[in-house]
Amino acid sequence: RKAAEMVDRAIAVAPDRPEPYGFKYRIYLGWHGPSPQSRQVLEEWPKTVPGLEGSWLRQEFEERNYAAVLERLARSPEGAISAEIRNWWECQCYVMMGEPERARETCEVAREQLEAALAARPNNEGILNRLGWTYALLGQRDKAVRAAGEQAVAVRPVSRDPVVDPFRIVNLASIYAWVGEHDEALDRIEDELSEPSGLTVALLRLQPDWDPLRNHPRFQEILEKYGDEQ
């Protein structure tokens, strides 16, 4: 609540800067999960301020409105979203929609494009994380863990950035969940919830990323244990 109040003050001071709107969206997403509250933040986001479309894609995806994500991608102006990001979103949507043939096709295209992007920008952590997730959706466990874990750590050592690092660890945890390494995923989830981080119980309850753990007894225990604290 205090964070949201501070961001509203920042918006009042600099209404044309994109950062406060992005911060406000992430605050409400972590606070309530993908919800009417986080959607309302996007409704209030001025269309003239950059960054809105990417947040709308995330909102629709995390609310499981996969057709809406695909529709937004289809009508976005050419060049507004890079080809590898576009195919990465499509890959995720078709996996979640249970369309294996289209999922395999789009994920392979996304993989090729992300590998090419990584060759051009080998120290780009965002590309590494997206590539790791794509490998996971393709069932390539070792490559997924290497990209999102070992390579990402080499780019940015864990001790170097205590603000950004938790997000990388959460990404790795979701990859472990999707490749069937559930204990590895749960260990990292519990570590993140035991101290301040970008992961919250609201996100764990609602995000599609954690669906492979949904019926795991330990996952339910973790939600119950940390739910009251948050």
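**Topic: the overall build of the chain**
Next, step 1: Helix and strand counts for the chain come out as 13 helices and 0 strands.
Next, step 2: Against the compact-globule benchmark of 17 Å for 230 residues, the chain has a radius of gyration of 18 Å, which places it among compact chains.
Next, step 3: In the chain, buried positions account for 46% of the 230 residues.
Next, step 4: The contacts of the chain with a sequence gap of at least 6 include a subset with a gap of at least 24, amounting to 54%.
Next, step 5: For the chain, the accessible surface area stands at approximately 12,000 Å², while carbon and sulfur atoms represent 50% of it.

**Comments concerning the pattern of salt bridges**
Once their charged atoms are close, side chains differing in charge can pair, the charge on each being opposite to the other.
Next, step 1: Under the defined criterion, the tally for this structure stands at 22 salt bridges.
Next, step 2: For E112, the salt bridge identified is with R111, shortest N-O distance 3.7 Å.
Next, step 3: When the shortest N-O distance is used, the salt bridge between D142 and R141 registers 3.2 Å.
Next, step 4: Exposure remark for R141: the relative accessible area of 29% places this residue in the partly exposed category.
Next, step 5: Each member of the salt-bridge network shares a partner with another, and the members are R39, E53, E60, E63 and R72.

**Points about the packing of aromatic side chains**
Next, step 1: Inspection of the entire model under this criterion finds 6 aromatic pairs.
Next, step 2: Between W133 and W178, the aromatic rings sit 5.9 Å apart at their centres with planes inclined by 90°, giving edge-to-face as the arrangement. Residue W133 is found in helix α8 (residues 125-137), and its partner W178 is found in helix α10 (residues 165-178); the two are separated by 45 residues along the sequence.
Next, step 3: Grouping aromatic residues by their ring pairs yields a cluster made of F61, Y66, W88 and W89.
Next, step 4: A cation over a ring is seen here: R130 above W88, with NZ or CZ 5.9 Å from the ring centre.

**Some words on the confidence of the model for the chain**
Next, step 1: Here the chain averages 90 in pLDDT, and 92% of its residues register 70 or above.
Next, step 2: At the low end of the mean pLDDT range in the chain sits helix α9 (residues 141-155), at 78; at the high end sits helix α7 (residues 100-120), at 96.

**Focus: the layout of surface pockets**
Next, step 1: Its volume calculated, the largest pocket comes out at about 1,800 Å³.
Next, step 2: Lining the largest pocket are 46 residues, with R26, L29, R58, E62 and F167 sitting closest to its centre.
Next, step 3: Within the residue set of the lining of the largest pocket, elements represented by two or more residues are α2 (19-32), α4 (52-62), α6 (83-96), α8, α10 and α12 (201-206).
Next, step 4: No other element matches α2, which puts 8 residues into the lining of the largest pocket.

**Observations regarding the packing of helix α1 (residues 2-13) against α2**
Next, step 1: Viewed as axis vectors pointing N to C, α1 and α2 meet at an angle of 160°, and their least axial separation amounts to 9 Å. Comparing the axis directions of α1 and α2 gives the class roughly antiparallel. When you trace α1 past α2, the crossing you get is left-handed. Judged by residue contacts, A3, A4, V7, D8, A10 and I11 of α1 engage P20, Y21, F23, K24, I27, Y28 and W31 from α2.
Next, step 2: Residues of the contact of α1 with α2, tallied by class, amount to 11 nonpolar, no polar and 2 charged.

**Details of unusual backbone geometry**
Next, step 1: In the Ramachandran plot, R64 falls in the positive-phi region, its phi being about 70° despite a non-glycine side chain.
Next, step 2: Under the relative-accessibility criterion, R64 is labelled partly exposed at 35%.

**Some details on the state of the cysteines**
Next, step 1: The final tally for this structure, using the stated rule, is 1 disulfide.
Next, step 2: Note on cysteine connectivity: C91 is disulfide-linked to C107, with sulfurs 2.0 Å apart. As the torsion about the S-S bond is roughly 85°, the C91-C107 disulfide counts as right-handed. Residue C91 is found in helix α6, and its partner C107 is found in helix α7; the two are separated by 16 residues along the sequence.
Next, step 3: A relative accessible area of 1% places C107 in the buried class.
Next, step 4: C91 supplies the cysteine sulfur nearest to C93, a cysteine that is in no disulfide, at a spacing of 9.1 Å.

**Some remarks on the packing of α6 against α7**
Next, step 1: Direction vectors running N to C along α6 and α7 enclose 150°, while the axes themselves pass 8 Å from each other. When the interaxial angle is binned, α6 and α7 end up roughly antiparallel. Every pair of crossing elements has a handedness; the one defined by α6 and α7 is left-handed. Note on element contacts: α7 touches α6 through R102, A103, T106, C107, V109, A110, Q113, L114 and A117, opposite A83, E84, N87, W88, E90, C91, Y94 and V95.
Next, step 2: When the residues that make up the contact of α6 with α7 are grouped by side-chain class, the tally is 11 nonpolar, 3 polar and 3 charged.

So, how was this worked out
Residues numbered from 1 in each chain as written. Predicted model: local features only at pLDDT ≥ 70, side-chain atom pairs only at ≥ 80, totals over all residues. Heavy atoms only, no water. Helix = DSSP H or I, 4+ residues; strand = E, 2+ residues; numbered from the N terminus. Rg over C-alpha atoms; globule rule 2.2 N^0.38 Å. Buried < 20%, exposed > 50% of the residue type's maximum accessible area, 1.4 Å probe, protein only. Contact = heavy atoms within 4.5 Å. Areas by Shrake-Rupley, 256 points an atom, 1.4 Å probe, with all protein chains shown as cover. Salt bridge = Lys/Arg side-chain N within 4 Å of Asp/Glu carboxyl O. Phe/Tyr/Trp six-rings, centres within 6.5 Å; stacked < 30°, edge-to-face > 60°. Lys NZ or Arg CZ within 6 Å of the ring centre and 35° of its normal. pLDDT = per-residue confidence, 0-100. 1 Å grid on protein atoms, 1.4 Å probe; cavity = no way out; pocket = protein on both sides within 12 Å on 5 of 7 lines; lining within 4 Å. Points joined across faces, edges and corners; volume = space filled by probe spheres on them. Axes fitted to C-alpha atoms, helices over the stretch in contact; angles between N-to-C directions. Parallel < 35°, antiparallel > 145°, perpendicular 65-115°, else oblique. Left-handed = near helix turned anticlockwise from the far one by under 90°. Nonpolar A, V, L, I, M, F, W, Y, C, P; charged D, E, K, R; others polar. Disulfide = S-S within 2.5 Å.

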